[in-house]
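# Descriptive structure summary
Single-letter residue listing:
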Amino acid sequence: MSADASKIDPKDFRDIDPGDRLLMGPGPSDVPARVLQAMAAPCIGHLDPYFLETMNETQQLLRHLFQTQNALTIPVSATGSAGMEACFVNLVEPGDEVVVAVNGVFGTRMGDIVNRIGGKLVKVDGEWGRAVDAEAVARTVKGCKPKVVAVVHAETSTGACTPLEDISKIAHEAGALFLVDCVTSLAGIDVPIDRMKIDAAYSGTQKCISCPPGLSPVTFSAAAVKALDQRKHPVVSWYLDFSMIRDYWGNERKYHHTAPVNMIYAIREALRIIAEEGLEARFARHWLNHRALVAGVEAMGLSMLVPEKERLPMLNAIRIPDGVNDLKVRKALLNDFAIEIGGGLGQFAGKVWRVGLMGHSCRRKNVFLFLSALEAVLKAEGLKAKPGAIDAATAVYASA
Ligand SMILES: *Cc1c(COP(=O)(O)O)cnc(C)c1O
């Protein structure tokens, strides 16, 4: 290509056609054809009556998925990290104490945001690869006066699941709002917002919702909305200020920023697919395929990072056996089998593989494909994986 930016030859630019991929990493997950087709519908105005109706339907479907009656339930126009930032900027004012439980990359990111917006961060440091210890949260909360207690439900960096019930009680007994990251858990395991008394939660489209990345569903309880209404300082982010954005999603339909129209089509379709399957059936599917995957992996002689009772079904961290080259295996899976899995993050870089079973990717045929491909790749690497992975997975399906 020419070095002169004013002279380009369009013929140098190929058509976009990435070819086949099976997305079994930490997100994005495979997107159903119906969702891609919905995105290809004509782009219309963000105040067009047809689009306004589509927005209302999207909110209804989101409330169903979040299992909430919360009026303020909207998709923020950016990825999951924007939902995270939106929750904190709208609820935290300078000097407010915020307790954040940190047991992986995403809890660490929450803390970073609290610091940047002038909140007073009080961290509960937990072990990576384990659930957050509710008693440690209780001890920390007793030592301060938090406005918000925040936790990551599904730590995608490690595959650990933190139970929410006890931490919710601890937060409310301290008079704090309970904020939950459910980016990876929503649409894969039970996230009952109202029943768990969660005041603010955010998710992302590209994990178990199986929609392309680009939106972050967020829901605020009445108490969270009250905290927003009673702010003394304006929200530090103009773009993420819910006190303005709610007037676009509410009855006033006041322009704030142009909604990403075709992304809203996409999430609406993805949510419709979820409603058709049913939440209970969807959660059961995630658990079943997870159990089959783990049975296969363990039959091969490999082991899981997270203790059994603290595992997520949609994110499976497998310890890399000694002497096996992490990158070579992942490259072989991608090049020879078109399977994408994730590597480890932070202290687990080079130590674990992260295998996603999220949403549309979470299927029996993918479990078998992954187990067979991994066995073949490990063999080629000179590692003698024990046989029997397929039989072990088959036995799990047979007993279900
Ligand atoms: C993916 C993820 C995020 C960030 O979402 P992006 O869409 O990458 O911005 C936040 N929290 C958790 C738990 C995640 O898995």
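All values reported here derive from a predicted model rather than from experimental measurement. Sequence order sets the numbering: in each chain, residues are counted from 1 along the sequence as written. Reporting in this predicted model follows two pLDDT cut-offs: at least 70 for local features of residues, and 80 or more for side-chain atom pairs to be given and counted; totals over whole chains, interfaces and linings ignore these cut-offs and use all residues. In computing side-chain values, all of the structure's heavy atoms are included and hydrogens and water are not.

We now examine the site of the ligand. Nearness is judged by heavy atoms alone; a residue qualifies as near a molecule or strand once a single heavy atom is within 4 Å of it. Surveying the vicinity of the ligand reveals 13 residues, the closest of which are Thr 79, Ser 81, Thr 156, Asp 181 and Lys 207. Nitrogen and oxygen atoms within 3.5 Å of one another constitute a polar contact, given that in protein one can donate a hydrogen and the other can accept it, and given that sequence-neighbouring residues count only through two side-chain atoms. The side chain of Thr 156 places a nitrogen or oxygen atom 2.4 Å from an oxygen atom of the ligand. Between the ligand and Asp 181 there is a distance of 2.7 Å, counted from a nitrogen atom to a side-chain nitrogen or oxygen. For the ligand, the protein covers 90% of the area, taking 380 Å² as the surface of the free molecule. Each helix is a run of H or I in the DSSP string that is no shorter than four residues. Each strand is a run of E no shorter than two, and both are numbered from the N terminus. Secondary-structure elements contributing two or more residues to the shell around the ligand are helix H3 (80-91) and helix H4 (105-116). Throughout, the Shrake-Rupley method with a 1.4 Å probe supplies accessible areas, and for residues the shown protein chains are the sole cover considered.

Another aspect to go through is unusual backbone geometry. The residue after Gly 27, namely Pro 28, is reached through a cis peptide bond having omega 0°. Tracing the backbone shows Pro 28 in the loop between strand E1 (22-23) and helix H1 (33-39). A positive phi angle is found at Ser 210, which is not glycine, with a value near 55°. Along the chain, Ser 210 falls in the loop between strand E9 (200-202) and strand E10 (216-220).

Moving on, we get to the pairing of strand E4 (residues 120-125). A pair of strands is considered paired only if DSSP assigns at least 2 bridges between the two. Sheet analysis places strand E3 (residues 97-102) next to E4, joined by six bridges and oriented parallel. Pairing of Val 99 across the sheet is with Val 122, part of E4.

Another aspect to go through is the nonpolar core. We define the nonpolar core as a collection of buried residues of types Ala, Val, Leu, Ile, Met, Phe, Trp, Tyr and Cys that are connected through side-chain atoms lying within 4.5 Å of one another. To sort residues, take the accessible area from a 1.4 Å probe on protein chains only and compare it with the maximum for the residue type: under 20% means buried, over 50% means exposed, and anything in between is partly exposed. If you look at the biggest cluster of nonpolar residues, it comprises 108 residues, and the most contacted ones within it are Phe 88, Leu 91, Met 110, Leu 179, Phe 220 and Phe 242. Per element, the largest residue contribution to this core is ten residues, and it comes from helix H9 (residues 261-277). Here the limits of each domain have been adopted from an automatic or database domain assignment. Looking at which domains feed residues into this core, each of domain 1 (33-275) and domain 2 (278-399) supplies at least three. Leu 22, Val 329, Leu 333 and Leu 371 belong to the second largest nonpolar core, which has 33 residues in total.

Within a sheet, each strand pairs with its neighbour through backbone hydrogen bonds, oriented either parallel or antiparallel. Here we have three strands laid out as an open sheet, ordered E11-E14-E13, and antiparallel in their pairing. Two strands bound the open sheet, and with one partner strand each, they are strand E11 (315-319) and strand E13 (342-343). Of the strand pairs in this sheet, E13 and strand E14 (residues 352-356) are connected by two bridges, and their pairing is antiparallel. Paired with Gly 343 across the strands is Trp 353, a residue of E14.

We now examine the packing of aromatic side chains. We call Phe, Tyr and Trp rings a pair once their centres come within 6.5 Å, taking the six-membered ring for Trp, and we label the pair stacked below 30 degrees between planes, edge-to-face above 60, and tilted otherwise. According to the stated counting rule, one finds four aromatic pairs in the structure shown. On the basis of an interplanar angle of 75° and a centroid distance of 6.1 Å, the ring pair of Tyr 248 and Trp 249 is categorised as edge-to-face. Here Tyr 248 and Trp 249 have matching classes, each one buried. Their ring planes at 55° and their centres at 5.8 Å tell us that Phe 368 and Tyr 397 sit as a pair that is tilted. In this pair, Phe 368 sits in helix H12 (residues 364-380) while Tyr 397 sits in helix H13 (residues 389-399), placing the two residues 29 residues apart along the sequence. As a reminder, the over-ring test applies to NZ of lysine and CZ of arginine, requiring each to be within 6 Å of the ring centre and within 35 degrees of the ring normal. The ring of Tyr 397 has Arg 364 lying over it, and the distance from NZ or CZ to the ring centre is 4.5 Å.

Next up on the list: the domain arrangement of the protein. Entries for the protein in the domain assignment read domain 1 (33-275) and domain 2 (278-399). In this structure, domain 1 and domain 2 have C-alpha centres spaced 29 Å apart. Here a residue-residue contact requires only that any non-hydrogen atoms of the pair lie within 4.5 Å. At the interface, 28 residues of domain 1 touch 25 residues of domain 2. Put simply, buried area is the surface a 1.4 Å probe can reach on two separate parts but cannot reach once they are joined, added for both. Between domain 1 and domain 2, roughly 2,200 Å² of surface is buried when both sides are summed, and carbon and sulfur atoms account for 64% of that area. Considering only the surface of domain 1 that becomes buried against domain 2, Trp 128, Gly 159 and Ile 189 emerge as the three largest contributors, covering 22% of it. A pair is scored as a salt bridge if a Lys or Arg side-chain nitrogen falls within 4 Å of a carboxyl oxygen belonging to Asp or Glu. Remark: the boundary between domain 1 and domain 2 carries one salt bridge. Notably, a salt bridge pairs Glu 310 with Arg 130, separated by 2.7 Å at the nearest N-O pair. Taken together, the connections running from domain 1 to domain 2 amount to ten residue pairs in polar contact (both at pLDDT 80 or more). Of all the elements in the fold, those that place two or more residues in the side of domain 1 that touches domain 2 are helix H2 (49-66), strand E6 (154-155), strand E7 (160-161) and H9. Polar here means any residue other than Ala, Val, Leu, Ile, Met, Phe, Trp, Tyr, Cys and Pro, which are nonpolar, and Asp, Glu, Lys and Arg, which are charged; Gly is therefore polar. The residue makeup of the side of domain 1 that touches domain 2, split by class, is 13 nonpolar, eleven polar and four charged.

So, on to the pattern of salt bridges. Inspection of the entire model under this criterion finds 19 salt bridges. Its salt-bridge partner being Glu 97, residue Lys 120 comes within 2.9 Å of it at the nearest N-O pair. One end of the pair, Lys 120, is in strand E4; the other, Glu 97, is in strand E3, and 23 residues separate them in sequence. For Glu 97, a relative accessible area of 16% translates into the label buried.

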